[in-house]
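The chain contents come next:
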Protein chains: 2
Amino acid sequence: MVTVAIDAMGGDFGPKPIISGLLEAFKEREFKAILVGNKNEILSLLPQGIKDKVSIVEANDVISMSDSATDAFKRKNSSIYKAVELVRNKEAQAVVSAGHSGATMSLATLRIGRLKNVSRPAIATLMPTKTGKSLVLDVGANVDCKPEHLFQFGVMGEAYAQTLLKVKEPRVGLLSNGEEASKGNELTKEAYQLLQHLPSFIGNVEGNNIFDASTDVIVCDGFVGNLVLKTSEGVADTISHFIKGYIRKSPIAIAGSLLMKKVFRKLKKEIDYAEYGGAPLIGINGCAIIGHGKSNSKAVKNAIFQAIDYVNAGVNIKIESRLEEISAL
Amino acid sequence: MVTVAIDAMGGDFGPKPIISGLLEAFKEREFKAILVGNKNEILSLLPQGIKDKVSIVEANDVISMSDSATDAFKRKNSSIYKAVELVRNKEAQAVVSAGHSGATMSLATLRIGRLKNVSRPAIATLMPTKTGKSLVLDVGANVDCKPEHLFQFGVMGEAYAQTLLKVKEPRVGLLSNGEEASKGNELTKEAYQLLQHLPSFIGNVEGNNIFDASTDVIVCDGFVGNLVLKTSEGVADTISHFIKGYIRKSPIAIAGSLLMKKVFRKLKKEIDYAEYGGAPLIGINGCAIIGHGKSNSKAVKNAIFQAIDYVNAGVNIKIESRLEEISAL
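Residues numbered from 1 in each chain as written. Chains lettered and ligands numbered in written order. Predicted model: local features only at pLDDT ≥ 70, side-chain atom pairs only at ≥ 80, totals over all residues. Heavy atoms only, no water.

**Quick look at the pairing of strand β3 (residues 54–58) of chain B**
Two faces belong to every sheet, and in a regular strand the side chains alternate between them.
Then, number 1: In this sheet, β3 of chain B lies alongside strand β2 (residues 32–37) of chain B in parallel orientation, the contact comprising five bridges. Pairing of G37 of chain B across the sheet is with E58 of chain B, part of β3 of chain B. (Pairing = 2+ DSSP bridges. Helix = DSSP H or I, 4+ residues; strand = E, 2+ residues; numbered from the N terminus.)

Take a look at the structure:
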């Protein structure tokens with residue numbers, strides 16, 4: 001059974017949504033959890049019946065969003081530090097945190113370590129497409145990348161899509177400013193050459209291809225990936241703002257919107273980050289799921305499920321063997 | 001009166017929407033036009049009454065979307081080449097083309113020339129925000145940029161916002177992966193230092209700030225700008241795809257959507273590129289408006305209006321004097 005270490009103190013709303021999410025997760029799946037944080041606070045939120053599936057590791061420091069990620073290494077009493085150590089020491093197979101993502105990333109990369117032949121772990125995120133999901137990586141771990149990093153992201157994304165998204169032959173695309181091979185900046189043009197060694201590589205793809213179900217894995221550096229993510233959120237937000245504003249001004253439209261309630265609910269579900277849980281840091285020798293700071297209990301539940309699935313799917317073995325295979329060529 | 005040179009042959013649908021757009025434009029504004037392209041084809045589409053406001057320049061070659069931009073300089077008989085030459089020779093003050101955008105950009109930059117102290121002209125595009133419009137530049141002219149280019153984009157965007165968007169004190173932001181000054185990639189971190197000399201600079205902004213009315217001018221390199229643009233189109237497209245799909249499945253939702261028809265029409269107008277016309281190439285010693293290849297007559301009409309407004313607003317003088325001012329510091 002998978003054991004998940006959970007940073008109980010990380011996230012903008014403290015331990016409450018995290019423990020609620022954990023309790024919801026227990027209703028649906030079998031796993032063990034280690035909650036890391038302030039013992040008294042955790043115990044006050046934990047019902048009696050659940051205590052055999054959960055152990056608590058005391059940690060009295062919390063890295064807050066305004067702290068620097070580099071401080072994380074010194075603050076060995078922080079909940080995220082101790083949660084990561086549990087994976088390092090093989091007491092847990094995965095760590096979930098909705099806290100300081102930079103700290104989680106740095107600690108997970110350096111304390112748990114990288115997979116063989118992986119230079120830079122990447123944060124991967126699922127995006128809704130017209131018919132399913134696509135995976136975009138990196139979305140923030142590495143702002144400045146070398147071509148070989150993008151190549152490795154392609155391999156890691158391919159492995160994730162095969163094992164977790166169950167796409168037998170994932171289509172891996174390189175995010176660029178045009179489909180033609182001649183398009184791109186200095187970085188992507190060189191990465192294009194490397195990615196051509198990957199049979200699943202379909203060439204350059206554009207921003208709209210993230211959502212049109214033409215591509216399963218979209219490769220980019222973390223600077224670009226973060227912008228794409230935030231831009232998408234911004235567009236969805238603004239469209240919903242416009243729709244709400246127009247509706248308010250017309251009784252007829254209000255009536256219409258009531259009849260369309262289900263439609264809007266479905267749409268919201270489709271683009272709600274909480275449905276996705278969190279973003280895995282792919283490429284470390286373990287599993288770390290990075291949650292949104294604003295994670296509600298549903299997001300925490302889904303992040304825990306992501307962690308369990310990640311461990312069970314054997315992504316890491318796949319990545320190592322694939323990189324081995326390719327480096328042998 | 002402003003004279004606009006129009007590439008009558010550029011665009012995916014040939015001269016028809018271009019000439020329709022021109023005729024629509026004449027109904028609303030006073031200007032002169034020079035249509036460049038196949039004379040017989042143009043004449044067959046032009047009504048009698050209009051001919052005193054329009055002259056025709058014969059050009060029997062068309063640069064198609066699949067041609068290379070570098071060929072554009074050799075094909076002196078092409079409609080876009082001749083249209084650009086009209087601005088170079090001061091027979092027109094602006095050129096509008098919905099044809100090969102790379103060719104238009106290169107020709108306009110090199111044949112018309114750059115403004116003093118501008119190293120790289122940039123394509124700027126308007127985006128809808130919750131309360132108005134924001135300007136993003138560069139969205140495709142320069143995939144690889146140096147910090148000083150981004151700085152100049154900031155100055156050019158500021159001038160555009162002041163003169164054309166009538167924003168007295170535009171807020172200029174640098175697109176980055178976080179608001180803190182420490183965020184960014186190598187390029188933007190250096191550009192940040194330079195942009196601090198601009199009193200209108202508000203620091204780093206994120207992808208969602210393009211739409212939330214917090215920023216008037218968003219500065220980025222052309223690779224990132226193109227991705228942001230295409231991603232936005234993709235998200236809007238996918239949301240409309242989801243809504244349509246859900247509606248189709250439910251008679252109640254169909255009824256609701258009929259009542260909400262006006263809402264959807266307004267939304268469509270808000271995000272329809274045709275409302276914006278085209279994207280100016282800012283920084284050249286003249287005016288070039290680059291239209292979407294799929295421009296319909298409304299987009300062509302609005303592109304012509306953009307050209308007239310650009311010339312009348314005196315953007316170029318503003319850019320030159322601002323750069324002069326700053327370089328003197």
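**Structural notes on the pattern of salt bridges**
Opposite charge on two side chains permits pairing when their charged atoms draw close.
Residue and element names in this part refer to chain A.
Then, number 1: Going through the model one piece at a time under the given rule, you end up with 28 salt bridges over all chains.
Then, number 2: D12 is paired through a salt bridge with K294; the nearest N and O atoms lie 3.1 Å apart. With D12 in the loop between β1 (3–7) and α1 (15–28) and K294 in the loop between β11 (287–291) and α10 (297–313), this pair connects stretches of sequence that are 282 residues apart.
Then, number 3: Here D12 falls in the partly exposed class, since its relative accessible area comes to 36%.
Then, number 4: According to the relative accessible area criterion, K294 is partly exposed, its value standing at 47%.
Then, number 5: The network of salt bridges with shared partners includes D61, D67 and R75. (Salt bridge = Lys/Arg side-chain N within 4 Å of Asp/Glu carboxyl O. Buried < 20%, exposed > 50% of the residue type's maximum accessible area, 1.4 Å probe, protein only.)

**What to know about the relation of the copies chain B and chain A**
Put simply, the second copy of the chain is the first one after a rotation about an axis and a shift along it.
Then, number 1: When chain B is brought onto chain A, the operation consists of a screw motion whose angular component is 180° and whose axial shift is 0.0 Å, with 0.0 Å RMSD remaining. Here the transformation between the copies is reduced to the relation of a two-fold axis. Residue G256 of chain B, judged by its C-alpha, is the member of chain B lying nearest the rotation axis, at 1.9 Å.
Then, number 2: Most of the interface of chain B is mirrored in chain A, where 100% of its interface residues again form contacts. (Least-squares fit on C-alpha atoms with pLDDT ≥ 70 in both. Contact = heavy atoms within 4.5 Å.)

**Things to note about unusual backbone geometry**
Then, number 1: Geometrically, the link from L137 of chain A to D138 of chain A is a cis peptide bond, its omega value of 5° lying close to zero.
Then, number 2: Here D138 of chain A shows up in the loop between β6 (133–137) and α5 (147–163).
Then, number 3: The phi dihedral of N117 of chain A is positive, around 70°, even though this residue is not glycine.
Then, number 4: Within the secondary structure, N117 of chain A sits in the loop between α4 (101–112) and β5 (122–128).
Then, number 5: What makes N117 of chain A partly exposed here is its relative accessible area of 37%.
Then, number 6: Look at K166 of chain B: it is not a glycine, yet its phi comes out positive at around 55°.
Then, number 7: Relative to the elements of secondary structure, K166 of chain B occurs in the loop between α5 (147–163) and β7 (172–175).
Then, number 8: Looking at K166 of chain B, the relative accessible area reads 67%, which means it is exposed.

**Regarding the pairing of strand β11 (residues 287–291) of chain B**
All names here are of chain B.
Then, number 1: Most of β11 sits inside the fold, with five of its five residues counted as buried.
Then, number 2: The alternating pattern of β11 places C287, I289 and G291 and A288 and I290 on opposite faces, both of which are buried.
Then, number 3: Pairing of strand β4 (residues 94–97) with β11, which is carried by four bridges, proceeds in the parallel orientation. Within the sheet, the bridge partner assigned to A94 lies in β11 and is C287.
Then, number 4: Pairing analysis gives three bridges linking strand β10 (residues 278–282) to β11, with the strands arranged antiparallel. Of the residues in β11, the one forming a bridge with A279 is I290.
Then, number 5: Taking the residues between adjacent antiparallel strands as the criterion, β10 and β11 are bridged by four residues, where G283 takes a positive phi near 115°.

**A few points about the sheet that holds β11 of chain A**
Residues and elements named next belong to chain A.
Then, number 1: On the basis of which strands lie adjacent, the open sheet formed by eleven strands has the order β3-β2-β1-β4-β11-β10-β5-β6-β9-β7-β8 and mixed pairing. The strands lining the two open edges of the sheet, one partner per strand, are β3 (54–58) and β8 (201–205). This sheet shows a mean twist of 25° between the axes of neighbouring strands, independent of strand direction.
Then, number 2: Pairing of β5 with strand β10 (residues 278–282) involves two bridges; the strand directions are antiparallel. (Axes fitted to C-alpha atoms, helices over the stretch in contact; angles between N-to-C directions.)

**Description of the sheet that holds strand β6 (residues 133–137) of chain B**
In a beta sheet, neighbouring strands pair by backbone hydrogen bonds and run either parallel or antiparallel.
All names here are of chain B.
Then, number 1: A sheet is described by the order of its strands in space; here eleven strands give the open sequence β3-β2-β1-β4-β11-β10-β5-β6-β9-β7-β8, paired in mixed fashion. Each end of this open sheet is capped by a strand with a single partner; those strands are β3 and β8 (201–205). Neighbour to neighbour, the strand axes of the sheet diverge by 25° on average, direction disregarded.

**Some points on the interface of chain B and chain A**
Then, number 1: Contacts between chain B and chain A engage 47 residues on the former and 47 residues on the latter.
Then, number 2: Counting the surface lost from both chain B and chain A, the interface buries some 4600 Å², and carbon and sulfur atoms represent 74% of this.
Then, number 3: Interface area lost by chain B to chain A is led by K130, F223 and Y246 of chain B, which between them contribute 14%.
Then, number 4: Seen at the junction of chain B and chain A, the total is four salt bridges.
Then, number 5: Across the salt bridge formed by E206 of chain B and K230 of chain A, the nearest N and O atoms sit 2.3 Å from each other.
Then, number 6: Between the two partners, chain B and chain A, sit eight residue pairs in polar contact (both at pLDDT 80 or more).
Then, number 7: Mapped onto the side of chain B that touches chain A, the elements with two or more residues apiece are α6 (186–195), α7 (222–248), α8 (251–259) and α9 (261–271) of chain B. (Buried area = accessible area lost by both parts, 1.4 Å probe. Polar contact = N/O pair within 3.5 Å; in protein donor to acceptor, adjacent residues only side chain to side chain.)

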